[in-house]
Amino acid sequence: MTYNLAQLAQLSTEQALLGGGDARLTLDPQTGVNKYGCGSHPDSTLLAFGSSTGSTISERGFAAAHALQQRFSQRDNEQENSSSEVTLYRHELERIRLQFNQLCDFSIHTDIASIFAASGTDLHLICAQLMAAHNEQPLHIIMMDACETGSGVAPAVRGQHFSNHAALGGTVTAFDTLTDAHPVEVTSIGLRDTNGKKRPLSDIDAEVEDLIQQAISQQQRVLLIMIDISKTGLIAPSPSYITTLRQRYSDQVDVLIDACQFRIANPTLNAYLKLGCMVTLTGSKFLTGPVFSGVLLIPPNLITRLSTQKLPASLADYSAQAEWPENWLATEQLSNTVNWGLLLRLEAALAELSAFRAIPETEVNAFLLEFAGAMQQALQSSPHFSLMAESRLDRHPIYSRHCWDQIPTIFPFLLQHQAGQPITREQTLQIYKQLQFPIQASEAETLSPAIANLRCQLGQPVLCGTQHGIAVSALRMCASSRLIIDACAHGAESRQQVIQQALNALEKAEYLIKIL
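Chains are numbered independently. Their residues run from 1 in the order of the written sequence. Per-residue local features are limited, in this predicted model, to residues with pLDDT of at least 70; the limit for side-chain atom pairs, both in listing and counting, is 80 or more; totals at the level of whole chains, interfaces and linings are taken over all residues. With hydrogens and water excluded, all non-hydrogen atoms of the structure serve as input to the side-chain values.

Draft legend 1. Spatial organisation of the domain arrangement of the protein chain. Split into domains, the protein chain comes out as domain 1 (88–353) and domain 2 (359–515). Boundaries of every domain are those given by an automatic assignment or by a domain database. In this structure, domain 1 and domain 2 have C-alpha centres spaced 29 Å apart. In this analysis, two residues are considered to be in contact whenever any of their non-hydrogen atoms come within 4.5 Å of each other. Counting residues at the interface gives 31 residues for domain 1, matched by 28 residues for domain 2. Taken together, both faces of the contact between domain 1 and domain 2 bury some 2,500 Å²; the carbon and sulfur share is 60%. Reported buried area values correspond to the accessible surface (1.4 Å probe) lost by two parts on association, with both partners' losses combined. When the buried area of domain 1 at its contact with domain 2 is split by residue, Thr232, Arg263 and Phe286 rank highest and sum to 23% of it. What makes a salt bridge here is a side-chain nitrogen of Lys or Arg within 4 Å of a carboxyl oxygen of Asp or Glu, nothing more. Between the two partners, domain 1 and domain 2, sit 1 salt bridge. Linking arginine 395 and aspartate 228 is a salt bridge whose minimum nitrogen-to-oxygen distance equals 2.7 Å. Polar contacts, as used here, are pairs of N or O atoms within 3.5 Å; protein pairs need one atom able to donate a hydrogen and one able to accept it. Residues neighboring in sequence count only if both atoms are side-chain atoms. At the boundary of domain 1 with domain 2, the tally comes to 11 residue pairs in polar contact (both at pLDDT 80 or more). A run of DSSP states H or I qualifies as a helix once it reaches four residues; a run of E qualifies as a strand once it reaches two. Both are numbered from the N-terminal end. Of all elements in the fold, only α8 (239–248) and α9 (266–274) reach the threshold of two or more residues within the side of domain 1 that touches domain 2.

Draft legend 2. Examining the side chain of arginine 221 more closely. On the secondary structure map, arginine 221 appears in strand β5 (residues 221–228). For each residue, the accessible area found with a 1.4 Å probe, counting protein chains only, is set against the maximum for its type, and the residue is called buried under 20%, exposed over 50%, and partly exposed in between. A relative accessible area of 8% places arginine 221 in the buried class. From its side chain, arginine 221 meets the backbone oxygen of aspartate 251 in a polar contact 2.4 Å long. Once residues lying within four places of it in the same chain are set aside, the contact partners of arginine 221 are Asn135, Gln137, Pro138, Leu139, His140, Ser250, Asp251, Gln252, Val253, Asp254 and Arg305.

Draft legend 3. View of unusual backbone geometry. Residues valine 291 and phenylalanine 292 are joined by a peptide bond in cis, for which omega reads 0 degrees. Following the sequence through the fold, phenylalanine 292 ends up in the loop between β8 (278–282) and β9 (294–298). In this chain, histidine 396 is followed by proline 397 through a cis amide linkage whose omega measures 5 degrees. With respect to the element layout, proline 397 can be found in the loop between β10 (385–387) and β11 (410–415).

Draft legend 4. Expanded view of the packing of helix α7 (residues 201–217) against α8. Note on geometry: axes are lines fitted to C-alpha atoms, helical ones only across the stretch in contact, with angles between N-to-C directions running from 0 to 180 degrees. Relative orientation of the contacting elements α7 and α8 amounts to 20 degrees, with a least axis distance of 11 Å. Taken together, the axes of α7 and α8 are roughly parallel relative to one another. The handedness of the crossing between α7 and α8 is right-handed. Contacts between α7 and α8 involve Asp205, Val208, Glu209 and Ile212 from the former and Tyr241, Leu245 and Arg248 from the latter. Angle categories: roughly parallel below 35 degrees, roughly antiparallel above 145, roughly perpendicular from 65 to 115, and oblique for all the rest. Here is the rule for handedness: rotate from the far helix to the near one, and if that takes an anticlockwise turn smaller than a right angle the crossing is left-handed, while a clockwise turn gives right-handed.

Draft legend 5. The arrangement of helix α4 (residues 82–103) in detail. The length a helix should cover is 1.5 Å for every residue beyond the first. Helix length check: α4 (22 residues) gives 31 Å between terminal C-alpha atoms against 32 Å at 1.5 Å per residue, within 8%. Looking only at α4, the buried set comprises Glu85, Val86, Leu88, Tyr89, Glu92, Leu93, Ile96, Arg97, Phe100, Asn101 and Leu103. Following α4 by one or two positions, aspartate 105 has its phi on the positive side, about 60 degrees.

Draft legend 6. Representation of the pairing of strand β12 (residues 455–467). Here, any two strands with at least 2 DSSP bridges between them count as paired. Pairing of strand β1 (residues 46–49) with β12, which is carried by 4 bridges, proceeds in the parallel orientation. When the sheet's bridge partners are listed, leucine 46 is paired in β12 with arginine 455. Note that β12 and strand β13 (residues 470–478) share 5 bridges and pair antiparallel. Within β13, the residue paired with valine 462 across the bridge is alanine 474. Taking the residues between adjacent antiparallel strands as the criterion, β12 and β13 are bridged by 2 residues, where histidine 468 takes a positive phi near 55 degrees.

Draft legend 7. Representation of the packing of aromatic side chains. For Phe, Tyr and Trp, where Trp contributes only its six-membered ring, two rings pair if their centres lie within 6.5 Å, and the inter-plane angle classes them as stacked under 30 degrees, edge-to-face over 60, or tilted in between. For the structure shown, the criterion picks out 13 aromatic pairs. Measuring from centroid to centroid gives 5.3 Å for phenylalanine 286 and phenylalanine 356, while their planes differ by 80 degrees, and the two rings are edge-to-face. With phenylalanine 286 in the loop between β8 and β9 and phenylalanine 356 in helix α11 (residues 340–357), this residue pair connects regions lying 70 residues apart in the sequence. Of the residues examined, phenylalanine 286 reaches a relative accessible area of 1% and is grouped as buried. Judged by its relative accessible area of 4%, phenylalanine 356 is buried. Considering the side-chain rings of phenylalanine 385 and phenylalanine 413, the 5.0 Å spacing of their centres and the 70 degrees angle between planes classify their relative orientation as edge-to-face. Here phenylalanine 385, found in strand β10, pairs with phenylalanine 413, found in strand β11; they are 28 residues apart in sequence, far enough to count as distant. Judged by relative accessible area, phenylalanine 413 falls into the buried class, the value being 0%.

Draft legend 8. Here's a closer look at the sheet that holds β13. An order of β1-β12-β13-β11-β10 is seen for the 5 strands of this open sheet, with the pairing classed as mixed. The open sheet is flanked by β1 and β10, the only strands paired with a single partner. Sheet twist, expressed as the average angle between the axes of neighbouring strands with direction ignored, equals 40 degrees. Docked against the sheet, helix α13 (residues 425–434) engages β11, β12 and β13, running at close to 170 degrees with respect to β12.

Draft legend 9. Expanded view of α13. Those residues of α13 lying buried are Thr428, Ile431 and Tyr432. The buried residues of α13 occupy an angular sector of 105 degrees when projected down its axis, which confines them to one face. Contacts made by the buried residues of α13 are with β11, β12, β13 and α16 (492–514). Arc definition: directions from the helix axis to the C-beta atoms.

See below:
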């Protein structure tokens, strides 16, 4: 659902935040949350450790969105027409674009093009079709494991609808191909084996290299989608391979960095762009902005090529002209409309990014090291958990100096009985849901009231193969910009408070396993 300014003024901020997206934004009328367990109003009693999936909007983000909505409501909306609304929408997006560029340390002398969209999935659809339009050769997209990215990414890059409702209000049929989509061949590469164990990066690099050589031999151009970071905290292919690839196949292979988790520091982001890679980012994962918003960043080396390409007209259901740089030919196929819901969500995400960037990096590093150490120790010492996390993230030679993004912020773990028997996927989902509600006193005889009454949200279960013949899923304990801001508010005391809350969440999960 989209709306004009007059309608926006009549909506609550909670309602306004839900506009201009697909079915994933829809709130369940009984629970008041979307499919990711997130509401559209701050919930200070819910501990947010599930940022790899999404988070309920914070007080800070909600206040920013509300203030922007109020500013619009004070305008004489009766006198507004569609043309003036589009002008205002473009003006506000340009303001956000400039602030975002400053917060990401983009040089004012560097021409980075940015395209906004309602989600990371929308961005993948847009990017794939833009690249397919550019190439005279057939396009072959190589992407990483769909289980480690968004569930809609695979159909999106194939040029298919990924929901029954498009961002700008169109009713579509999920998995149907867009009527005028450019044909794309897609190959997905697994990042884990059938037992859920991470595949060696050298094997993944070799598989990508083989696929690229085959595609080139068949006169295809390649778009490689590297992931940094995946649902379970992985980077693939290796950054060293990406560096080599950009030198070896610069005229035959383009690279999109799927950084939709936004768990990368400014130096890393700028290094990817300098290497000539496109990058997708969203505001709803690490930044804990409201679900959903995103931006596609296009480096200078691709702007001349891509700014002269036309898009399929059916992408008008997903993207508006004002969300693109001015004078791009692609916008001729798009609707000259507005998406105030997207703008409010971007505003909320920008408030989170601004607050995070205000924390000195030394403090960010100190907290994340302490948090990572505590989570790794707790998960490794418990007989009920099996930790799957990386101990360190290596992006050499993309960027080799120490940054906070070398410290893991996603800690995936499998659940198991004390004897080592895995918990099933169904039971893992049950525990994930139970963590968000207090445990009744009659069921928590040996548990302290503080733990029993705890409400916490972890990252939703991710499919991770089989263990001992049992299909399993991993839950995820996550750090986020919001937690870092809270942890750094009052020195050691606030750091310990955030870490203790995470440990309490794990203690509650252990108890729920014991009473299965």
